[in-house]
Amino acid sequence: MSLVQAYHLPGRWGLVTVSPFCLKLDAFLRMTGIEHESITAATPFAGPKKKAPWIVYKGRTIGDSALIIDFLKQEFDKDPDAHLSQRQRGIGTAVQRLIEENLYWAMVYDRWRRDENWPILKGSVLGDIPAPVRALLAPYARRSVKKQLEGHGMGLHAPEEIEAIARKDIDALAALLGDQNWFFGDEPTLTDATVYSLLANIVWVPFSSPMKAMIEGHATLGRWLERFRSRVYPEAVPT
């Protein structure tokens, strides 16, 4: 059997990668036990969609975390959602959209548009790019992300409006989790991996963000984050 080569952006601060999409794929691979090799890429440009993550498997290159996971589920017949009902699967898809199509962009705004975070971002998210290249690439990348934020719509809002949007999303996640150990019962699913990938990249990083206090304001979310890290990333748990 060929080994899955999974390419992801660099890791920092105890996270294997600072990209939520890459972290989601990494968590899925660990949860399912699919044999793989993790390869760090300084930039996403070598991927087929010019974004990370991507995989190479049996000579085939596949991009986009959701498409990769769908492919791997079928190829290896391993699905952490196999036991879920159709209703639960539908809720899982809705949560994925909330995370990846909305709350993610609030995180992007905090990292790329808040001036106090820019020095941290240049030295971390872009930190594996050689310094001379990074000096040229960083301003271009920031302008490009600003255009992406505006194209999405999140970047057209005032900071306080973005905070209000994020608060609704985080409150909704806390309400869905309730007092359960996992979003759908006794075992973590892809929904847990998806939510973890973003919230961990907000709470456990040095970027300034009003979303940290929002997440920490829900004790159940905080305990859930620690629970997922202990289950899937025990080596990252502080001692």
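Before reading further, recall that the structure is shown in the block above.
Residues numbered from 1 in each chain as written. Predicted model: local features only at pLDDT ≥ 70, side-chain atom pairs only at ≥ 80, totals over all residues. Heavy atoms only, no water.

Colleague: Which parts of the structure should I look at to understand helix H2 (residues 65-76)?
Modeller: Owing to its 3.6 residues per turn, the α-helix brings residues three or four apart onto one side. Here H2 spans 16 Å end to end across 12 residues, near enough to the 16 Å set by a 1.5 Å rise per residue. If you check which residues of H2 are buried, you get Ser65, Ile68, Ile69, Phe71, Leu72, Lys73 and Phe76. At its buried positions, H2 is contacted by strand S1 (4-8), helix H1 (20-32), strand S3 (54-57), strand S4 (60-63) and helix H7 (190-203). Between the side-chain oxygen at the start of H2 and the backbone nitrogen of Ala66 there is a gap of 3.0 Å, and the oxygen is on Asp64. Downstream of H2 by a residue or two, Asp77 has a phi angle that is positive, lying close to 55°. (Helix = DSSP H or I, 4+ residues; strand = E, 2+ residues; numbered from the N terminus. Expected span 1.5 Å × (residues − 1). Buried < 20%, exposed > 50% of the residue type's maximum accessible area, 1.4 Å probe, protein only. Contact = heavy atoms within 4.5 Å. Polar contact = N/O pair within 3.5 Å; in protein donor to acceptor, adjacent residues only side chain to side chain.)

Colleague: Even after reading the chapter, I still don't get the packing of aromatic side chains, so can you show me in this structure?
Modeller: What characterises a pair of aromatic rings is the spacing of the ring centres plus the angle enclosed by the ring planes. Counted according to the given criterion, the structure contains 13 aromatic pairs. For the pair Phe21 and Tyr104, a centre-to-centre distance of 4.9 Å together with 65° between the ring planes defines the contact as edge-to-face. One end of the pair, Phe21, is in helix H1; the other, Tyr104, is in helix H3 (residues 86-113), with 83 residues separating them in the sequence. The buried category is assigned to Tyr104, whose relative accessible area is 19%. Feature note: the residues Trp182, Phe183, Tyr196, Trp204, Trp224, Phe228 and Tyr233 constitute an aromatic cluster, connected by ring pairs. Between the NZ or CZ atom of Arg142 and the centre of the ring of Trp118, over which it lies, the distance is 4.7 Å. Residue placement shows Arg229 over the ring face of Trp204; its charged tip is 3.8 Å from the ring centre. (Phe/Tyr/Trp six-rings, centres within 6.5 Å; stacked < 30°, edge-to-face > 60°. Lys NZ or Arg CZ within 6 Å of the ring centre and 35° of its normal.)

Colleague: Teacher, can you tell me more about the pairing of strand S2 (residues 36-40) here?
Modeller: Moving residue by residue along a regular strand, the side chains alternate between the two faces of the sheet. Examined bridge by bridge, S1 and S2 share 5 bridges and lie parallel to one another. Within S2, the residue paired with Ala6 across the bridge is Ser38. (Pairing = 2+ DSSP bridges.)

Colleague: How should the layout of surface pockets be read in this particular structure?
Modeller: Leftover empty space is mapped by rolling, across the atoms, a probe with the size of a water molecule. The space that makes up the largest pocket amounts to roughly 1100 Å³. Along its surface, the largest pocket is lined by 36 residues, and Pro44, Lys51, Ala52, Tyr104 and Gln148 are the ones closest to its centre. Counting only elements with at least two residues in the lining of the largest pocket, the list comes to H1, H2, H3 and helix H5 (131-152). Ranked by residues supplied to the lining of the largest pocket, first place goes to H3 with 10 residues. Residues of the lining of the largest pocket, tallied by class, amount to 22 nonpolar, 6 polar and 8 charged. Around the second largest pocket, the lining comprises 18 residues; the ones closest to its centre are Lys73, Asp81, Thr93, Gln96 and Leu190. Those elements that provide at least two residues to the lining of the second largest pocket are H2, H3 and H7. Of all the elements, H3 adds the most residues to the lining of the second largest pocket, at 6 residues. When its residues are assigned to classes, the lining of the second largest pocket shows 6 nonpolar, 6 polar and 6 charged. (1 Å grid on protein atoms, 1.4 Å probe; cavity = no way out; pocket = protein on both sides within 12 Å on 5 of 7 lines; lining within 4 Å. Points joined across faces, edges and corners; volume = space filled by probe spheres on them. Nonpolar A, V, L, I, M, F, W, Y, C, P; charged D, E, K, R; others polar.)

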